[in-house]
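Single-letter residue listing:
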Amino acid sequence: MMVPFRRKKSNKQFPVKVCTFDSELEFHLEHRATGRYLFELICRTIGLRETWYFGLQFEDSKGNLSWLKMDKKVQDQSVHMTNGSCMFIFLAKFFPENVAEELVQEVTQHLFFLQIKQAILSMDVYCPPEASVLLASYAVQAKYGDYDEAVCKPGMLISENLLPQRVIDQYQMTPQMWEERIKTWYADHRGMSRDEAEMEYLKIAQDLDMFGVNYFPITNKKNTEVWLGVTALGLNIYNKENKLLPVTTFQWNEILHISFDDRKFVVKTNDSKSPKPVIFYSQKLRINKLILDLCVGNHDLYMKRRKPDTMEIQQMKAQAKEEKQRRQVERNKLTREKQLREAAEREKAAMEQRLMQLQEEMRAANEALHRSEEAAELLAEKNRLAEEEAMLLSHKAQEVEQEINRMRMTARKTEEEKMYLERKTQEAELLTARMMEESRKRALEADKLKNELIHARVAEKEAKEKLLNFLSRTSTESILITPSSSPESPMHEMHSYDLLADGDMEQLSLEIEKERVEYLAKSKQVQNQLKELRSEIEQLKIGENQCPLDDINAEQLRLGETKYSTLKKVKSGSTKARVAFFEEL
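In the annotation of an unreviewed UniProt entry, the chain is listed under the name Moesin/ezrin/radixin homolog 1 and assigned to Anopheles merus.

### Some details on the pattern of salt bridges
Overall, the coordinates contain 21 salt bridges when judged by the stated rule. For glutamate 323, the salt bridge is made with arginine 327, and the minimal N-O distance between the two is 3.1 Å. Of this pair, glutamate 323 and arginine 327 are both found in helix H9 (residues 311-472), four residues apart, which corresponds to roughly one turn of the helix. Given a relative accessible area of 28%, glutamate 323 falls into the partly exposed group. Residue class for arginine 327 comes out partly exposed when judged on its relative accessible area of 29%. Residues arginine 384 and glutamate 388 are paired through a salt bridge, measuring 2.7 Å at the closest nitrogen-oxygen approach. You can see arginine 384 and its partner glutamate 388 sitting in helix H9, four residues apart, about one turn around the helix. Taking the relative accessible area as the measure of exposure, arginine 384 reaches 36% and is therefore partly exposed. Given the relative accessible area of 36%, glutamate 388 is considered partly exposed.

### Observations regarding a negative patch on the surface
On the surface, Glu415, Glu416, Glu417 and Glu422 cluster together into a patch of negative charge. Assignment of secondary structure puts glutamate 416 in helix H9. Under the relative-accessibility criterion, glutamate 416 is labelled exposed at 55%.

### Observations regarding the nonpolar core
In this structure, Leu38, Phe88 and Phe90 are the most contacted members of the largest nonpolar core, which totals 106 residues. For this core, the element with the most residues is helix H4 (residues 129-144), which contributes nine residues. Looking at this core, you find at least three residues from each of domain 1 (11-90) and domain 2 (104-204). In this view, phenylalanine 88 contacts Val16, Lys17, Val18, Cys19, Leu38, Leu56, Gln57, Phe58, Leu68, Val74 and Val79; residues no more than four positions away in its chain are not counted.

### A few points about the environment of histidine 299
Its place among the elements puts histidine 299 in helix H8 (residues 285-305). Distance from histidine 299 to leucine 233, taken between C-alpha atoms, is 8.1 Å for residues 66 residues apart in sequence.

### Notes on the confidence of the model for the chain
When pLDDT is averaged along the chain, the result is 79; 83% of the residues meet or exceed 70. Low confidence marks residues 1-10, where pLDDT is under 50. Its contacts with residues over four positions away, or in another chain, come to zero contacts. Overall, residues 475-524 carries pLDDT values under 50, and its contacts beyond four positions in sequence, including any with other chains, amount to 12 contacts.

### Considering the packing of aromatic side chains
Scanning the model with the defined rule gives 15 aromatic pairs in all. Plain terms: the ring middles of tyrosine 53 and phenylalanine 112 are 5.5 Å apart, the flat faces sit at 85° to each other, and that makes the pair edge-to-face. Of this pair, tyrosine 53 sits in the loop between helix H1 (35-46) and strand S3 (54-59) while phenylalanine 112 is found in helix H3 (residues 106-121), placing the two residues 59 residues apart along the sequence. With respect to class, tyrosine 53 is no different from phenylalanine 112; both count as buried. Pairing tyrosine 147 with tyrosine 186 gives two aromatic rings, centres 5.4 Å apart and planes at 85°, and the pair type is edge-to-face. Taken as a pair, tyrosine 147 in the loop between H4 and helix H5 (165-169) and tyrosine 186 in helix H6 (residues 175-186) lie far apart in primary sequence, 39 residues in all. This pair shows no difference in class: tyrosine 147 is buried, exactly as tyrosine 186 is. By way of ring pairs, the aromatic residues Phe39, Trp52, Tyr53, Phe54, Phe90, Phe95, Phe112 and Phe211 are connected into one cluster. Positioned above the aromatic ring of tryptophan 227 is the side chain of lysine 240, whose terminal nitrogen or guanidinium carbon lies 4.2 Å from the ring centre. Looking at lysine 243, its charged tip hangs above the ring of tryptophan 227, at a distance of 4.1 Å from the centre.

### Focus on unusual backbone geometry
The phi torsion at methionine 123 lies on the positive side, around 65°, for a residue other than glycine. Summarising the element assignment, methionine 123 is placed in the loop between H3 and H4.

### Some remarks on H8
Compared with the 30 Å implied by 1.5 Å per residue over 21 residues, the 31 Å span of H8 between its first and last C-alpha is a close match. Considered for burial, the residues of H8 that qualify are Ile287, Asn288, Leu290, Ile291, Leu294, Cys295, Gly297, Asn298, Leu301 and Tyr302.

Cut-offs used in this document
- Residues numbered from 1 in each chain as written.
- Predicted model: local features only at pLDDT ≥ 70, side-chain atom pairs only at ≥ 80, totals over all residues.
- Heavy atoms only, no water.
- Salt bridge = Lys/Arg side-chain N within 4 Å of Asp/Glu carboxyl O.
- Helix = DSSP H or I, 4+ residues; strand = E, 2+ residues; numbered from the N terminus.
- Buried < 20%, exposed > 50% of the residue type's maximum accessible area, 1.4 Å probe, protein only.
- Patch = residues over 30% accessible without salt bridge, like charges linked within 9 Å, V, L, I, M, F, W, Y side chains within 5 Å.
- Areas by Shrake-Rupley, 256 points an atom, 1.4 Å probe, with all protein chains shown as cover.
- Lys, Arg positive; Asp, Glu negative; His and termini not counted.
- Charge placed at Lys NZ, Arg CZ, Asp CG, Glu CD.
- Core = buried A, V, L, I, M, F, W, Y, C linked by side-chain atoms within 4.5 Å.
- Domains from an automatic or database assignment.
- Contact = heavy atoms within 4.5 Å.
- pLDDT = per-residue confidence, 0-100.
- Phe/Tyr/Trp six-rings, centres within 6.5 Å; stacked < 30°, edge-to-face > 60°.
- Lys NZ or Arg CZ within 6 Å of the ring centre and 35° of its normal.
- Expected span 1.5 Å × (residues − 1).

Below is the structure:
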């Protein structure tokens, strides 16, 4: 008996890589896996439930960017292989009208934040310079949390990709100057969580003119080249040189039917007074297919928003509300714990400061005690010396007392001797008086004898003369007389005096200290800050680096127009008039 041949089922799988803006996922799919299977697998992996905004973009074999079709097999869609794997990018395909009301899940908000941030930095979405700085401050808050001067050192944000290169190139400002302006706003976001900062980022970004707009080059019946913008609200028509201000627009509630035939695209409105459809032409059939796909998806979401929420959305919103309340409670708890921790840290710092102060006081007290001990030892030494000196003085006092006693005894003896001497003196005086009297008498006797001697000598001379005269007659005698004398030498005294002169000198020194106090005043209002920053950097603008979109944005600011006022203006008028205006471009 022959058994019929059965083909074995192939279990071969092919690798798939899916990139988001903050991660890369890898899967292995069977050959029969459809696009929906892969998409749902990714959504389950990242925990995404708001799946209707997103899609998978890939590069086909011809190098064109396409969206993965959900109902077809993955391998049947000509996905370009890179290193043996199918490469996809998980992107938001459709955009909400109001991010704060429509985006429920935090993961949805985060994916939109990453995609819009990348679009602004890559300059796919035009953003004014002052708004770029504000958005950068929210991006830094979402990444690093609250501003901490100790952590956010100068130069930390320079390496971050925070501003579009177009904004940097059109101003004469250094990276440090941009960093200082971003930090000014970053410091104002204290207390804001990551999801709150990302939502604030999206709230500001959704007011940009190019937010959520998919642009396609088309031509009208007169072959005039214009841009078609597919948005969450409808279809916008832009001039070729201006992607910011639409010249006309058609909302989804005005559109009745959309179709295309080859390169011809037809949009029928529900205005009975204008049965004439809007017709335009694209460059390729592929572009018309993509336009129709985006139109259908945006129209479905437009109508869905205007209906009561489904049970799934109500459940998601309830869960999101409960989650937000839970996180708010946790955040309040963390804030309270942070405040308590900061208070404890401050108290700890104060106690450490007090401890250091007490240690310093203890050290000073120990030094004072050491000095006191040294002083006590010195005083003890001085006391010992004083005692020794006192003993010496006592001995000296005893010796002095003994000497005084001796002197007293000597004095008594001296007194007795004095009396004796006085007595002796009196006797001596009497004796002297007698001797003087005796001397006087002797002097008188001497004078008497002298006179007698003189008389005797005169008599002797006379006798000698008489004898000479007598002898001369008998013999001649020679008499030689030699006088003698003794000179006196006078005495002289010399005196010398030294005079010394002293001089005094004086010195004077002065020291002066100065202090300066700087005050920093800043405005908390965002609009005032934007105006201030705009006026501040206006002087540093480089004219030749301005692009046409900068000029258009400057004109809008001058006229006070916004994205919504512009849309309201171009939507005014009948549908017929707008169709005619488009055809006459």
